[in-house]
Structure formats: structure tokens, C-alpha cells
Amino acid sequence: MASKWLETLKSATKTCIIQDGRRKIHFTFKDGKELVEEYDLRSHVILARKWRTKPTLGGQGKWEFEVGDEIQLKPSEGIMESSANPIFMRNDTKKAFQWRIRNLPYPVDVFSISIDQDQRQIIVRTSNKKYYKKFRVPDLDRTGLPLDESKITKAHSNNTLIISYEKPKEILTVEKILQDEFQKMKSSKDGDVDCNPS
């Protein structure tokens, strides 16, 4: 199944740009979906992954972030979300998928992490019933790999719960193949755009 996902990526139309120390790859799939991935040029760790599908009424759809954090502009007036609410985001490392949940001031022993195999989700809950979250690991869904509770670790520091899931060997192999492909791609650098004045 991992090879099927790899073939889907290889068959997509790809463009690549190097900008601000990042390699940005834009994939356009046959069904019209778009995927943008951004990698650190030195470490080759993914910094952002976002998806966009075409809306049924046409136009441009909204980007949905899978990895990284969407830059939120604060409204100058009106009602806005409390800055004390928990903030959930994914930031991977070279060897693990990693999620960070900020603004959780409870000690680490209050948190329990389990897996729902039927729904293919990781569940985070607190014993004081103050926080509950279910989330998927899209990389494992795309490759058809099972969730393994023994690969999950947790840590807590500075009011942030850090959940890590060790990447399976199949995922590491796919990532290595993709990085080799990206190195071969012709990349334009920031400012290398042809400009033909009229």
C-alpha cells in the first residue's frame, strides 16, 4: 500500500521552488486535488503539508494543514478566540510523527493516550475530564499501515503536551525515496522567475 501512495505522488504534476531555506513542492493530482509540502533544506524534515480540493461550486478551496501551523491573523476588533484555549498542531521530526497541544497546564500523569483500532484514531484524554481529543495519522491511513500503541510516547513541558509516534520503517523508506526524487527535480530559486516586459 505504501508503494501505491508513492506511485500516486510520482504520477502527480510537480513544481519545486527553493525559498527562505525551504524546498517547497507543489503537487497537482489527476482528480484536481493539490498538495504543498515544505522541507527544511538542511535536515530534510517536513515543516508544512497542506491540502486543497476544488469546491463543488468552483473557485479556489481553502488550504487544510496536515503538518505545520497555519498563520492566524488576529482580528483588530470584535469577538476572538481566547489565547488560553488548547492549540493542537503537528510538527514532525526525522524519526517520529509529533503532535503538540499547547495551553494544557496539567501534570503529565493526568494524560492518557490510547488507540481506537476500529476508527484508526489516537485518543488523548485527561483523568480530570478537562481535555479530550481524537485524531488520525493520515500518513498511516494513506499507506494502510496499522496503528501500534507501543510506538507512542508522551512528554509535558511548558504547558505543552508532546505526543510522539515512532515512524514505521515503511514510512521512513518512502520518505527517503521521495527526498531522492526531490533532489533530482529542477528547482527554481526565489527571484528566478522569467520576466518579459511588454
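Presented here is a report on the structure given in the accompanying data block. Since this is a predicted model, take the numbers as computed values, not measurements.

### What about the pairing of strand β9 (residues 121-126)?
- Where burial is concerned, most of β9 is hidden: five out of the six residues are buried.
- Strand direction decides the pairing type here: strand β8 (residues 111-116) and β9, joined by six bridges, are antiparallel. Of the residues in β9, the one forming a bridge with Ile115 is Ile122.
- A loop of four residues connects β8 with β9, the two strands running antiparallel in sequence, and Arg120 in this loop sits at a positive phi of about 55°.
- One ladder, built from four bridges, connects β9 with strand β10 (residues 132-135); its direction is antiparallel.

### Observations concerning the side chain of Arg142
- You can see Arg142 is positioned in helix α2 (residues 138-143).
- What makes Arg142 buried here is its relative accessible area of 18%.
- Side-chain polar atoms of Arg142 contact the side chain of Glu66, separated by 2.9 Å.

### A look at the sheet that holds β8
- The antiparallel open sheet is built from three strands, whose spatial order is β8-β9-β10. The sheet is open, and its two edges are formed by β8 and β10, each paired on a single side. Along the sheet, successive strands turn relative to each other by an average axial angle of 15°, direction set aside.

### Topic: the pattern of salt bridges
- Applying the stated criterion across every chain, the model contains 15 salt bridges.
- In this structure, the salt-bridge partner of Asp139 is Arg142, at a minimum N-O distance of 3.6 Å. Of this pair, Asp139 and Arg142 both sit in helix α2, three residues apart, which is roughly one turn of that helix. This pair shows no difference in class: Asp139 is buried, exactly as Arg142 is.

### Quick notes on the sheet that holds strand β6 (residues 87-90)
- With antiparallel pairing, the four strands of this open sheet are ordered in space as β6-β7-β12-β11. This sheet does not close on itself; its edge strands, each paired only once, are β6 and β11 (152-157). With strand direction ignored, the average angle separating the axes of adjacent strands in the sheet is 15°.
- Here β11 runs beside strand β12 (residues 160-166); their pairing, made up of six bridges, is antiparallel.

Rules used in this analysis
- Residues numbered from 1 in each chain as written.
- Predicted model: local features only at pLDDT ≥ 70, side-chain atom pairs only at ≥ 80, totals over all residues.
- Heavy atoms only, no water.
- Buried < 20%, exposed > 50% of the residue type's maximum accessible area, 1.4 Å probe, protein only.
- Helix = DSSP H or I, 4+ residues; strand = E, 2+ residues; numbered from the N terminus.
- Pairing = 2+ DSSP bridges.
- Polar contact = N/O pair within 3.5 Å; in protein donor to acceptor, adjacent residues only side chain to side chain.
- Axes fitted to C-alpha atoms, helices over the stretch in contact; angles between N-to-C directions.
- Salt bridge = Lys/Arg side-chain N within 4 Å of Asp/Glu carboxyl O.

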